[in-house]
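One letter stands for each residue in the lines below.
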Amino acid sequence: MRLSVIGCGYLGAVHAAAMASIGHDVVGIDVDRRKVDALSRGEAPFFEPDLQELLTAGVESGRLKFTTDMAEAAGAKVHFIGVGTPQQKDGYAADLTYVNAAVDGLLPYLSPGDVVAGKSTVPVGTAADLAPRIEATGATLVWNPEFLREGYAVKDTIDPDRLVVGVDSGDDGHAAADILREVYHPAVAKETPFIVTDRATAELVKVAANAFLATKISFINAMAEIAEVTGADVTQLADAIGHDVRIGRRFLGAGIGFGGGCLPKDIRAFSARAEELGRGESVAFLREVDAINLRRRDRAVDLVINAFGGSVFKKNVTLLGAAFKPYSDDIRDSPALDVAIRLHGLGAWVTITDPAAIENAQRLHPQLNYVADRDEALREADAIVLVTEWDEYRRDLTPEHAATLTNGRVVIDGRNGWDAAAWRAAGWTYYGMGRP
Ligand code: UDX
């Protein structure tokens, strides 16, 4: 099938490449000429496992191309909208400028029978606002939210847990859902749950899922705060409650909390939208979720300060990690970098290492010291802080080896990734998050 994908950022570039890999003819469209040029050469503009291979194969096969020219969308059967919906500069609400611009740009090239499939995460009610403009051309608007995780984006796109399509109740809506079944044929063949619902529900499914995940993380981080004043161990608590299948162990990792381009902005946009709808109180807990999350960054900084008896001034502190999570070079709202900046502000000599995100971090915070090689970064450190649990750090760095490199023997495990007993046995003072 011929498809267009408007917006070639994280979501759109992966979607375009993934759709080409399952046999569609795809044109990716973006206003950023440099991004389009890189993608047209088959180069991934960000780090994402498997994306590079998919892009190269797609471009070489001729089934995948990229352009800045919206006119190239003409003739596609389905047009995916995958542009960003960032947090507004002066508030919590989502900025829909890019969604509106994408739709307006696309309108002249739509034909009757086309399907416009919104994938961006939007405030509930957005599809209802956009529909009249789109449907005046004879095209049909559906909302088809995307649940991909960075680091697993290709897998999540081709082989998702579920597909959700929000349609208008008329015949056109159901015909559009059938077209999307054809688009996602490999997942449909595997009997992946394919949920056809109304557009408002589809919009809400996405924000509800992210709100739930953020709440789960903040719940366990709240337990970590209680553990810290009682001598309990939140990691054992998480294991114990996680055995209850109704709760489940995943997303109960206490630490310095969540960041990235989705969870923080999505819970804020959800609160803002609920308030507009006169239902702010229904999701008032999300403010608390956000506040707990941000307090964990303070806690990590306090642990470093306390480890040095009250001041980090002129202490060499090495942070392992800059990305908001492993297997990503994304530093948007990264808790790791936030901790780094605060320690730097308190006069520490901060060194940061990361397998993928150094270039991005350096661009945003050039005042910090970046060292690509892990062991070089650890040399002469007075303290180590684990802030992003890459395998190179969590799994591969042993306390014995670290001790051959550093000056001090202080470790702050901001992701509860290490075995406290093993570090202590090797002579380190170990501090975890919510652990005695
Ligand atoms: C998230 C959702 O998982 C995904 O479904 C949605 O489409 C986009 O938002 P992503 O932002 O890629 O995906 O990251 P995710 O893996 O969910 O992690 C988010 C943050 O939570 C990271 O900073 C991670 O370190 C943190 N986290 C995760 C925890 O602090 N504890 C955990 O137990 C799990």
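Residues numbered from 1 in each chain as written. Predicted model: local features only at pLDDT ≥ 70, side-chain atom pairs only at ≥ 80, totals over all residues.

1. Some points on the overall build of the chain
Here's step 1: Secondary structure assignment for the chain yields 18 helices and 14 strands.
Here's step 2: Over its C-alpha trace the chain gives a radius of gyration of 23 Å, about what one expects of a compact globule, namely 22 Å for 436 residues.
Here's step 3: Projected onto its principal axes, the C-alpha coordinates of the chain cover approximately 70 × 50 × 40 Å.
Here's step 4: Here the chain holds 436 residues, and 49% of them are scored as buried.
Here's step 5: At a minimum sequence separation of 6, the contacts of the chain that also span at least 24 residues come to 71%. (Helix = DSSP H or I, 4+ residues; strand = E, 2+ residues; numbered from the N terminus. Rg over C-alpha atoms; globule rule 2.2 N^0.38 Å. Buried ≥ 20, exposed ≤ 12 C-beta atoms within 10 Å, placed from the backbone. Contact = placed C-beta atoms within 7 Å.)

2. With respect to the domain arrangement of the chain
Here's step 1: One can read the domain layout of the chain as domain 1 (2-197) and domain 2 (232-436).
Here's step 2: Each of domain 1 and domain 2 has a C-alpha centre, and the two are 33 Å apart.
Here's step 3: Contact residues are listed per partner, giving 15 residues for domain 1 and 16 residues for domain 2.
Here's step 4: Its residues assigned to classes, the side of domain 1 that touches domain 2 comprises 10 nonpolar, four polar and one charged. (Domains from an automatic or database assignment. Nonpolar A, V, L, I, M, F, W, Y, C, P; charged D, E, K, R; others polar.)

3. Here we look at the pairing of strand S7 (residues 163-166)
Here's step 1: Going residue by residue along S7, you find Leu163 and Val165 tucked away on one face and Val164 and Gly166 tucked away on the opposite face as well.
Here's step 2: Pairing analysis gives four bridges linking S7 to strand S8 (residues 194-197), with the strands arranged parallel. Among the inter-strand pairings, valine 164 is bridged to a residue of S8, identified as isoleucine 195. (Pairing = 2+ DSSP bridges.)

4. Brief notes about the site of the ligand
Here's step 1: Close to the ligand lie 19 residues, the nearest being Glu150, Gly253, Phe258, Gly260 and Cys262.
Here's step 2: Top contributing element to the shell around the ligand by residue count: helix H9 (residues 199-230), with three residues.
Here's step 3: For the shell around the ligand, the class distribution of residues is 10 nonpolar, six polar and three charged.
Here's step 4: Looking at which domains feed residues into the shell around the ligand, each of domain 1 (2-197) and domain 2 (232-436) supplies at least three. (Near = placed C-beta within 6 Å.)

5. Describing the pairing of strand S4 (residues 78-81)
Here's step 1: Residues Val78 and Phe80 of S4 are buried on one face, and the alternating residues His79 and Ile81, pointing to the opposite face, are buried as well.
Here's step 2: Pairing analysis gives four bridges linking strand S1 (residues 2-6) to S4, with the strands arranged parallel. Paired with serine 4 across the bridge in S4 is histidine 79.
Here's step 3: Two elements, S4 and strand S5 (residues 115-118), share four bridges in a ladder whose sense is parallel. Along S5, the bridge assignment pairs phenylalanine 80 with alanine 117.
Here's step 4: Between S4 and its parallel partner S5, the chain crosses via helix H4 (residues 97-106), and the hand of that crossover is right-handed. (Right-handed = clockwise from strand over helix to strand, strands pointing away.)

6. With respect to the sheet that holds strand S11 (residues 369-370)
Pairing between the strands of a sheet is mediated by backbone hydrogen bonds and can be parallel or antiparallel.
Here's step 1: Spatially, the six strands line up as an open sheet ordered S11-S10-S9-S12-S13-S14, and their pairing is parallel. With partners counted over all chains shown, the strands left at the sheet margins are S11 and strand S14 (429-431), one partner each.
Here's step 2: Pairing of strand S13 (residues 410-413) with S14, which is carried by three bridges, proceeds in the parallel orientation. Directly across from valine 410, in S14, lies its bridge partner threonine 429.

7. Concerning the nonpolar core
Taken as a class, soluble globular proteins show a tendency for nonpolar side chains to be buried jointly.
Here's step 1: Residues Val304 and Val385 are the most contacted members of the largest nonpolar core, which totals 133 residues.
Here's step 2: A total of 10 residues in this core trace back to one element, the largest contributor, which is H9.
Here's step 3: A domain-level breakdown of this core finds at least three residues from each of domain 1 (2-197) and domain 2 (232-436).
Here's step 4: Each residue touching valine 304, except ones within four places of it in the same chain, is listed here: Val312, Val317, Leu343, Ala383, Val385 and Ile412. (Core = buried A, V, L, I, M, F, W, Y, C linked by C-beta atoms within 7 Å.)

8. Looking at H9
Here's step 1: Compared with an ideal rise of 1.5 Å per residue, which puts 32 residues at 46 Å, H9 spans 47 Å between its outermost C-alpha atoms and is within 8% of the ideal.
Here's step 2: Just past H9, the residue glycine 231 takes up positive phi, approximately 80 degrees. (Expected span 1.5 Å × (residues − 1).)

9. Structural notes on the environment of alanine 73
Here's step 1: Tracing the sequence through the fold places alanine 73 in the loop between strand S3 (64-67) and S4.
Here's step 2: Given 24 C-beta atoms within a 10 Å radius, alanine 73 is considered buried.
Here's step 3: Placed 235 residues apart in sequence, alanine 73 and phenylalanine 308 show a C-alpha to C-alpha distance of 59 Å.

10. Considerations on the environment of leucine 110
Here's step 1: With respect to the element layout, leucine 110 can be found in the loop between H4 and S5.
Here's step 2: Classification of leucine 110 by C-beta neighbours within 10 Å gives buried; the count is 23.
Here's step 3: For the pair leucine 110 and alanine 74, spaced 36 residues apart in sequence, the C-alpha to C-alpha distance is 6.4 Å.
Here's step 4: Setting aside chain neighbours within four positions, we find leucine 110 in contact with Ile134, Thr137 and Ala139.

11. Some details on helix H12 (residues 285-307)
Each full turn of the α-helix corresponds to 3.6 residues, which orients residues three or four apart in the same direction.
Here's step 1: For H12, which comprises 23 residues, the first-to-last C-alpha distance of 33 Å matches the rise-based estimate of 33 Å (1.5 Å per residue) to within 8%.
Here's step 2: Glycine 309 sits one or two positions beyond H12 and adopts a positive phi of about 75 degrees.

12. What to know about unusual backbone geometry
Trans is the common state for peptide bonds, and a negative phi is the common state for residues other than glycine.
Here's step 1: Positive phi, normally seen in glycine, also occurs at aspartate 50, with a value near 75 degrees.
Here's step 2: Mapped onto the fold, aspartate 50 is located in the loop between helix H2 (33-40) and helix H3 (51-61).
Here's step 3: Taking the C-beta count within 10 Å as the criterion, aspartate 50 has 17 such neighbours and is therefore assigned partly exposed.
Here's step 4: For lysine 314, which is not glycine, the phi dihedral falls at a positive 60 degrees.
Here's step 5: Its location among the elements puts lysine 314 in the loop between H12 and strand S9 (316-320).
Here's step 6: Using a count of 10 C-beta atoms within 10 Å as the deciding quantity, one classes lysine 314 as exposed.

13. Some thoughts on the packing of helix H5 (residues 126-135) against H9
Here's step 1: Where H5 contacts H9, the axes come no closer than 8 Å and their chain directions differ by 135 degrees. Accordingly, the angle class assigned to the pair H5 and H9 is oblique. H9 is crossed by H5, and the crossing has right-handed handedness. Taken together, the residues of H9 that come into contact with H5 (itself represented by Thr126, Ala127 and Ala128) are Arg199, Ala200 and Glu203. (Axes fitted to C-alpha atoms, helices over the stretch in contact; angles between N-to-C directions. Parallel < 35°, antiparallel > 145°, perpendicular 65-115°, else oblique. Left-handed = near helix turned anticlockwise from the far one by under 90°.)

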